[in-house]
Amino acid sequence: MAYIKNAWYVACWDNEVKAGEMFHRRLLDEPVVFYRKQDGTVVALQDRCPHRFVPLHMGRLVNDAIECGYHGLRFDCTGKCVLNPHGDGKIPAAAKVRQYPTLERFGMVWIWMGDGAPDGGKLPDYGVLDSTGDFSTTRGYIHIDSNYELMAENLLDLSHITYLHDGYLGSPEQIGADQQLVENGGTLSCNRWMPNISVPRIFDMVYRRDGQPVDMWTNMTWMPPSCFLLDSGVHEVGGQRADHGWYYGIHILTPETEKTTHYHFAAAMPPGTRLSEDEARTFASLRRFAFESQDKPMLDAQQAAIGDNNFWDLKPVLLTVDAGPVRMRRQIERLIKQEQDVTGQ
Ligand code: FES
Ligand SMILES: [Fe+2]
């Protein structure tokens, strides 16, 4: 499958790459092994020995290098073979593995898997997750058995909240939302405004506790290739956004394979949020429940139903709420084509 390659993808949360250990994950259909050098910086190498193709993560770390667990070839942090323990010890020119640029930002390890030069300007801004900031944050990971574009549609089109998350994140009147699409410098926002609706449980529990109607908004922004930022909250009917009643939802997708996705999510609550520790825990567990026990089973079943068919070949019915997802799919196709035109593939 073709992916947007010249982009930063989230590989994992930073605490998953521990000193002295290897962490491995398939990303964009390629096996990758991560470890920390002795100075703490994260290294990402192709996780396949060029000798007999076993995963390098089955070997061991020797200082800043990996020794293959099968016949002992040793690779440094640039992917170059630096030791052949056999015969005259000569190192064949082909004995090397690909090294991928990485960055640690916002509590995440980012990886650049394209052939183009890594571009720091293409990193989305998730500064609200910085541990030095004022926001209180929670974070999690779920493995999804569906293509990342199906999951991206789920995030950009929140009209499903009323049905799939009814009683938690959703309430019936949300279906009449006023929906606006805003394109801005390559990003796409799908903003839903829902005045005078019954308050969804998650907001009532953590912000209002009176069951009274509210005005609610969900403003979801997609940043290519597959990063999302949700600004969502409530205030009293006809009221103003105050220093509480809202939060940022962070949703980041990384394709694992054509039919599976790594889903990293987080929430960031602003300093004025009035939540006890218990309530904050309940808020986080309700969100996780919605993603893991409501979204995931639907997406996994959706992928199983689509199987090997091409999405467009199945001629999906298009509704008004699909305007955002369709534009996003077209934009992804354009970006992939641009890359292929440049590399002549
Ligand atoms: S497979 Fe790695 S050294 Fe043989
Ligand atoms: Fe959902």
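Residues numbered from 1 in each chain as written. Chains lettered and ligands numbered in written order. Predicted model: local features only at pLDDT ≥ 70, side-chain atom pairs only at ≥ 80, totals over all residues. Heavy atoms only, no water.

Engineer: Just checking my understanding: could you explain the packing of helix 1 (residues 148–156) against helix 4 (residues 277–306) for this structure?
Structural biologist: Geometrically, a packed helix pair is captured by the angle between its two axes and the distance between the axes. Where helix 1 meets helix 4, the closest approach of the two axes is 10 Å, and the angle between their N-to-C directions is 135°. Looking at the two axes, helix 1 sits oblique to helix 4. Relative to helix 4, the crossing made by helix 1 is right-handed. When helix 1 is examined against helix 4, the residues L150, M151 and N154 are found in contact with a partner set consisting of D295, L299, Q302, Q303 and I306. (Axes fitted to C-alpha atoms, helices over the stretch in contact; angles between N-to-C directions. Helix = DSSP H or I, 4+ residues; strand = E, 2+ residues; numbered from the N terminus. Parallel < 35°, antiparallel > 145°, perpendicular 65-115°, else oblique. Left-handed = near helix turned anticlockwise from the far one by under 90°. Contact = heavy atoms within 4.5 Å.)

Engineer: Help me understand the nonpolar core in this model?
Structural biologist: It is characteristic of soluble globular proteins that their nonpolar side chains tend to be buried jointly. The biggest cluster of nonpolar side chains holds 61 residues, and the ones touching the most others in it are F34, I111, F228 and Y263. Built from parts of two domains, this core gets at least three residues from each of domain 1 (8–122) and domain 2 (127–340). Counting 17 residues, the second-largest nonpolar core is a separate cluster that includes W8, F106, W112 and A268. (Core = buried A, V, L, I, M, F, W, Y, C linked by side-chain atoms within 4.5 Å. Buried < 20%, exposed > 50% of the residue type's maximum accessible area, 1.4 Å probe, protein only. Domains from an automatic or database assignment.)

Engineer: Explain the side chain of T187 here, please?
Structural biologist: Relative to the assigned elements, T187 resides in strand 14 (residues 187–197). For T187, the side chain forms a polar contact with the main-chain oxygen of N184, separated by 2.8 Å. (Polar contact = N/O pair within 3.5 Å; in protein donor to acceptor, adjacent residues only side chain to side chain.)

Engineer: I would appreciate a short explanation of the domain arrangement of the chain in the present structure.
Structural biologist: You'll often see interface size given as the accessible area lost when the parts meet. Structurally, the chain comprises domain 1 (8–122) and domain 2 (127–340). Measuring from the centre of the C-alpha atoms in domain 1 to the corresponding centre in domain 2 gives 33 Å. At the junction of the two partners, domain 1 supplies 18 residues and domain 2 supplies 20 residues. With both chains or domains summed, domain 1 and domain 2 bury close to 1500 Å², and 61% of this area falls on carbon and sulfur atoms. Its largest share of buried area at the contact with domain 2, domain 1 owes to Y9, W13 and F106, together 42% of the area lost on that side. (Buried area = accessible area lost by both parts, 1.4 Å probe.)

Engineer: Sorry, what's going on with the coordination of the iron ion (ligand 2) here?
Structural biologist: Ideal coordination angles are 109.5 degrees for a metal with four donors arranged tetrahedrally and 90 or 180 degrees for a metal with six donors arranged octahedrally. Of the protein atoms, only H160 (NE2), H165 (NE2), D295 (OD) and D295 (OD) coordinate the iron ion (ligand 2), at distances of 2.1 to 2.4 Å. Every donor counted, the 4 donor atoms about the iron ion (ligand 2) form angles of 56 to 149° at the centre, which fits irregular coordination. As a motif over one chain, the donors of the iron ion (ligand 2) read H-x4-H-x129-D. Of the two residues, H165 sits in the loop between helix 2 (161–164) and strand 13 (178–184) while D295 sits in helix 4, which places them 130 residues apart along the sequence. In terms of burial, H165 and D295 fall into one category: buried. (Donors = N, O, S within 2.8 Å, 3.2 Å for Na, K, Ca; no water. Tetrahedral: all angles 85-135°; square planar, octahedral: opposite > 155°, others 65-115°.)

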